[in-house]
Amino acid sequence: QVQLVESGGGLVQAGGSLRLSCAASGLTFSSYTMGWFRQAPGKEREFVAAISWTGGNTAYADSVKGRFTISRDNAKNTVYLQMNSLKPEDTAVYYCAAHFDTRITIPTPYPREYDYWGQGTQVTVSS
């Protein structure tokens, strides 16, 4: 079965950095767009970043542009989210997700289009 396992979350001070990883198994990783989403307490799940199956196309939420970088290693079936200049408002549970799509296109930001989800990893940014 498909498994997406996030890691790398934790507690960090404002201005600090974290690198999240998501290891995928049970699917042909290179056929999937991969996305990162987050959900803060009392809020809806929101798009953070996504990367196409080739790694050549990326998309970011305006709130993280210039601070977060998504990347992938198809040989390791892993997607990463490098988060720099973290702010308290970045505090949330971060989820990775997989969307089957082998087109050369901008990766989708819509959660409903993603087929598989991980369990999430908590990121807490203190002020």
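Everything below is about the structure printed above this text.
This one's a predicted model, so the numbers in the text were calculated from it and none came from an experiment.

Asks: Let's hear about the pairing of strand β1 (residues 3-7): which residues, and what values?
Replies: Residues Leu-4 and Glu-6 point to one face of β1 and are all buried, whereas Gln-3, Val-5 and Ser-7, pointing to the other face, are not buried. In this structure, β1 lies alongside strand β3 (residues 18-25), joined through 5 bridges in antiparallel fashion. Residue pairing for β3: Glu-6 is matched across the bridge by Cys-22.

Asks: Mind laying out the state of the cysteines, listing which residues take part and the relevant values?
Replies: Structurally, a disulfide amounts to a covalent bond that connects the sulfur atoms of two cysteines. Applying the stated criterion to the full structure yields 1 disulfide. The disulfide partner of Cys-22 is Cys-96, and the S-S distance across this bridge is 1.9 Å. Here Cys-96 lies in strand β9 (residues 92-100) and Cys-22 lies in strand β3, a separation of 74 residues in the sequence. Of the residues examined, Cys-96 reaches a relative accessible area of 0% and is grouped as buried.

Thresholds, definitions, all that
- Note that residues are indexed from 1 along each chain, following the sequence as it is written.
- For a predicted model such as this one, the threshold for reporting local features is a pLDDT of at least 70, and the threshold for listing and counting side-chain atom pairs is 80 or more; totals across whole chains, interfaces and linings nevertheless cover every residue.
- Values reported for side chains reflect all heavy atoms of the structure, with hydrogen atoms and water molecules removed beforehand.
- When a residue's accessible area, from a 1.4 Å probe over protein chains only, is under 20% of the maximum for its type it is buried; when over 50% it is exposed; and in between it is partly exposed.
- Secondary structure elements are defined from DSSP: runs of H or I of at least 4 residues count as helices, runs of E of at least 2 residues count as strands, and each element is numbered from the N terminus.
- Whether two strands pair depends on DSSP finding at least two bridges between them.
- Criterion for a disulfide: a pair of cysteine sulfur atoms within 2.5 Å.

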